[in-house]
Amino acid sequence: MRNYHKKYDVLVVGAGHAGCEAALASARMGCQTAIATINLDTIGKMSCNPAIGGQGKGHLVKELDALGGEMAKAIDQTGIQFRQLNTSKGPAVRSSRAQADKKGYQDYMKETLEKQENLDVKEVLVEELLTENGKCIGVLSHTKTVYLAKTVILTTGTFLKGTIHVGDVSYSAGRAGESSAEKLSDSFSALGFEIGRLKTGTPPRVNAQSVNFEAMQIQPGDESPRPFSFSNDQIEQSQIPCFVTQTNPITHKIISQNLDKSAMYSGRISGIGPRYCPSIEDKVTRFPAKDQHNIFVEPEGRDTNEIYLNGISSSLPENVQTDMVRSIKGLEDAEIMRFGYAIEYDFAPATQLHPTLETKRVTNLYFAGQLNGTTGYEEAAVQGLVAGVNAASKIHGKDPFVLKRSQAYIGVLIDDLVTKDIREPYRMFTSRAEYRLQLREDNADLRLTEIGYQLGLVKDSAYSSFLQKRQVVSQELDRLAETKVIPETNTLNQLKIAGLPEIKTPTTLSDLIKRPEIRYSQIRQFVPPDQPLSKLVEEQVEIQIKYEGYIKRQDLQIEKFKKLENMPIPKDLDFNAINGLKTEAQLKFCKIQPISIGHASRIPGVTPADISTLMIALKSRTGTNQ
């Protein structure tokens, strides 16, 4: 063995979406950082669907951007179709989604990493973690080179003992065409970490020249596409349409007759798959009464004929996949370029982590991404940023970075991971957040940009723009609250011309906007501000006014939540010594090591009586110390 000539502050293993954000965050915070990946040409690769965002996921990307992450900027530059989802519903559940140019996204991320100051990009296969006195001190490569680092972040994706399954054929791979990391998870086991197996899958890709798009329903992008990044005003590139088709009874018959040949149903896969992204075999089996399922036909880029068939993830044999695909309207002559497959991989249950994503068993070691049991690029990316920030903060002697559930979807995600014993791939949804009216996409910058700037991740120029936006929103809210219209003849005529309802008493503009049938745009025409406002500012003003009552009620709930979150549990508290605490609660508290009363109360199986007993013990301890 020989030592590499540099010693790093932060070493990131893996250059997927978690690894990219982790490395960029720590480097931007001034740490000497290295990122190690098996193949430099697959940095930021979209292994499955080439898209960013979606329900709940779009919120994560917006929050990541507000904190100074890169994913939003990357998709804004490389997206080929942008859509706002749930536009007919309330602002809390509206989500952004964009189809990406798969290769363009990779190239953007690779170039961003290569140009980043304080960051070295390395093509290295890591095979072993190196520890000393319970601390991680670096890694060992397959060429027996030691890379020493003060902190190590693992973002291994599906590569730990990855096994691909197609029909009755199985082989080792991290994803199609790429080797797996066979030895690294053995290093975990040797250190005492619990390791499990999860499964995910991907659908066939077909050649666009063999697809009859005219037989499908076209799905265009939004006429005025909305950027993901708060630093961008507009999307300038042209958009490419997607299409929709459906499976049918013939498709389902082909699948049902060949279930015994599917890797999922032949008993060869032990890992648990994502509940919210099931294979087509699962769909047909679970919903036998349903005679069709939607398939979203999505281009993989501007300069490729490869088409992604979103909705028919499969591990059936190749000949059966061909029959299945060709039974679908518009795909009768489709030529499959890449066949679908299932992939199993090792993961480490995230209850073994602190909320900082540092492991409890080994200090200076952080886990992020699919290694923690999540699924999706967005979930991985935000974990990467949190791990990168905390590794850098530890190097600089700063306080840990932990977002609360009341602050961000990122806080919800990580709290769920480290608190609940999750044994299936975790996907973010808006329904997972108790305070989703506060945690909207549109106000992610107002919630988190200040934090990102204090961390050193948000540039001065972006911060100045944010301060200006925040001031303009505040000033307009004040103007609308202070400006009254009087029910005199001239005013009533103007209201009528503007299409606004009649008023009988002096009324503020804010009160007018609170009426469900009135939009800010109508008020703007009637009593305009001194200077024109941007569309995003107008939207923010209208939402804050219309939902003021609901937001205030949620504020009260958040204050109650904060009281519990602000009641810390000392690290040296011996849960086994607390009289009256049930054995089950003792075991769970010892395993999870909750950091506050609020955290402890969310552990599954812990009762209100357990929390009362714990609080009494804490008060008694405080009284003794005083």
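Placed above this text is the structure.
Residues numbered from 1 in each chain as written. Predicted model: local features only at pLDDT ≥ 70, side-chain atom pairs only at ≥ 80, totals over all residues. Heavy atoms only, no water.

Visitor: How would you sum up the overall build of the protein? Please name residues and give values.
Guide: Looking only at helices and strands, the protein features 20 helices and 22 strands. Taking 25 Å as the expected radius of gyration for a compact globule of 626 residues, we find that the protein reaches 26 Å, a close match to that expectation. Taken along the three principal axes of its C-alpha coordinates, the protein extends 85 × 80 × 50 Å. Contacts in the protein between residues at least 24 apart in sequence constitute 73% of all its contacts with a sequence separation of at least 6. Accessible surface, the protein: about 27100 Å² in total, of which carbon and sulfur atoms supply 48%. For the protein, the distance from the average position of its 76 positive side-chain charges to the average position of its 75 negative side-chain charges is 4 Å. (Helix = DSSP H or I, 4+ residues; strand = E, 2+ residues; numbered from the N terminus. Rg over C-alpha atoms; globule rule 2.2 N^0.38 Å. Contact = heavy atoms within 4.5 Å. Areas by Shrake-Rupley, 256 points an atom, 1.4 Å probe, with all protein chains shown as cover. Lys, Arg positive; Asp, Glu negative; His and termini not counted. Charge placed at Lys NZ, Arg CZ, Asp CG, Glu CD.)

Visitor: Explain the sheet that holds strand β3 (residues 51–53) to me, and be specific about the residues and the numbers.
Guide: Within a sheet, each strand pairs with its neighbour through backbone hydrogen bonds, oriented either parallel or antiparallel. The strand order β3-β5-β4 describes an open sheet built from three strands, whose pairing is antiparallel. Because the sheet does not close on itself, it has two edges, and the strands there are β3 and β4 (79–85). Neighbour-to-neighbour, the strand axes of this sheet turn through a mean angle of 15°, independent of strand direction. Relative to strand β5 (residues 95–100), β3 runs antiparallel, the two sharing three bridges. Its bridge partner lying in β5, Ala-51 is registered against Gln-99. (Pairing = 2+ DSSP bridges. Axes fitted to C-alpha atoms, helices over the stretch in contact; angles between N-to-C directions.)

Visitor: Outline the sheet that holds strand β13 (residues 205–207), supporting the account with residue identities and numerical values.
Guide: With antiparallel pairing, six strands are arranged side by side in an open sheet as β14-β15-β16-β17-β13-β18. Where the open sheet ends on each side, the last strands, each with one partner, are β14 (217–219) and β18 (336–338). On average, adjacent strands in this sheet sit at an angle of 35° to one another, irrespective of strand direction. As paired elements, strand β15 (residues 242–246) and strand β16 (residues 294–299) share four bridges and run antiparallel to each other.

Visitor: Mind laying out the packing of helix α3 (residues 71–78) against helix α4 (residues 102–115), listing which residues take part and the relevant values?
Guide: Direction vectors running N to C along α3 and α4 enclose 135°, while the axes themselves pass 9 Å from each other. Classified by the angle between their axes, α3 and α4 sit oblique to one another. Here the hand of the crossing between α3 and α4 comes out right-handed. Counted together, Met-71, Lys-73, Ala-74, Ile-75, Gln-77 and Thr-78 of α3 and Gly-104, Tyr-105, Tyr-108 and Met-109 of α4 form the full contact between these two elements. When grouped by side-chain class, the residues that make up the contact of α3 with α4 number six nonpolar, three polar and one charged. (Parallel < 35°, antiparallel > 145°, perpendicular 65-115°, else oblique. Left-handed = near helix turned anticlockwise from the far one by under 90°. Nonpolar A, V, L, I, M, F, W, Y, C, P; charged D, E, K, R; others polar.)

Visitor: Any details on the nonpolar core? Residues and values, ideally.
Guide: Core analysis: the biggest nonpolar cluster contains 93 residues, and Val-152 and Leu-154 have the highest contact counts within it. At ten residues, helix α9 (residues 377–396) tops the list of elements feeding residues into this core. Those residues in contact with Val-152, other than ones at most four positions away along the chain, are Leu-11, Val-13, Leu-129, Cys-136, Gly-138, Val-139, Asn-364, Leu-365 and Tyr-366. In terms of nonpolar packing, the next biggest core, distinct from the first, is built from 23 residues, Val-206, Leu-259, Ile-280 and Ile-328 among them. (Core = buried A, V, L, I, M, F, W, Y, C linked by side-chain atoms within 4.5 Å. Buried < 20%, exposed > 50% of the residue type's maximum accessible area, 1.4 Å probe, protein only.)

Visitor: So what's going on with the pairing of strand β1 (residues 2–13)? Which residues, and what values?
Guide: Two strands pair when backbone bridges link them, and β1 and strand β9 (residues 145–154) are joined in this way by eight bridges, in the parallel orientation. Within β9, the position partnered with Lys-7 by the bridge is Leu-148. With four bridges connecting them, β1 and strand β2 (residues 33–37) associate as parallel partners. Bridged to Val-13 within β2 is Ala-36.

Visitor: Pulling in residues and values, what's your account of the packing of aromatic side chains?
Guide: Counted under the stated rule, the structure contains eleven aromatic pairs. Note on Phe-188 and Phe-193: the rings are 6.2 Å apart at their centroids and 65° apart in plane angle, and the pair reads as edge-to-face. Comparing Phe-188 with Phe-193, the two get one shared label, buried. When the ring centre of Phe-230 is taken as reference, the NZ or CZ atom of Lys-62 above it lies at 5.2 Å. Directly above the aromatic system of Phe-429 lies the positively charged group of Arg-427, at a separation of 4.3 Å from the ring centroid. (Phe/Tyr/Trp six-rings, centres within 6.5 Å; stacked < 30°, edge-to-face > 60°. Lys NZ or Arg CZ within 6 Å of the ring centre and 35° of its normal.)

Visitor: Please set out the state of the cysteines residue by residue, giving values where relevant.
Guide: For the coordinates displayed, the defined rule picks out zero disulfides. Residue Cys-20 stays outside any disulfide, its sulfur separated by 18 Å from that of Cys-31, the closest cysteine. Taking the relative accessible area as the measure of exposure, Cys-20 reaches 2% and is therefore buried. Not engaged in a disulfide, the cysteine Cys-31 finds its nearest cysteine sulfur in Cys-136; these two sulfurs lie 15 Å apart. (Disulfide = S-S within 2.5 Å.)

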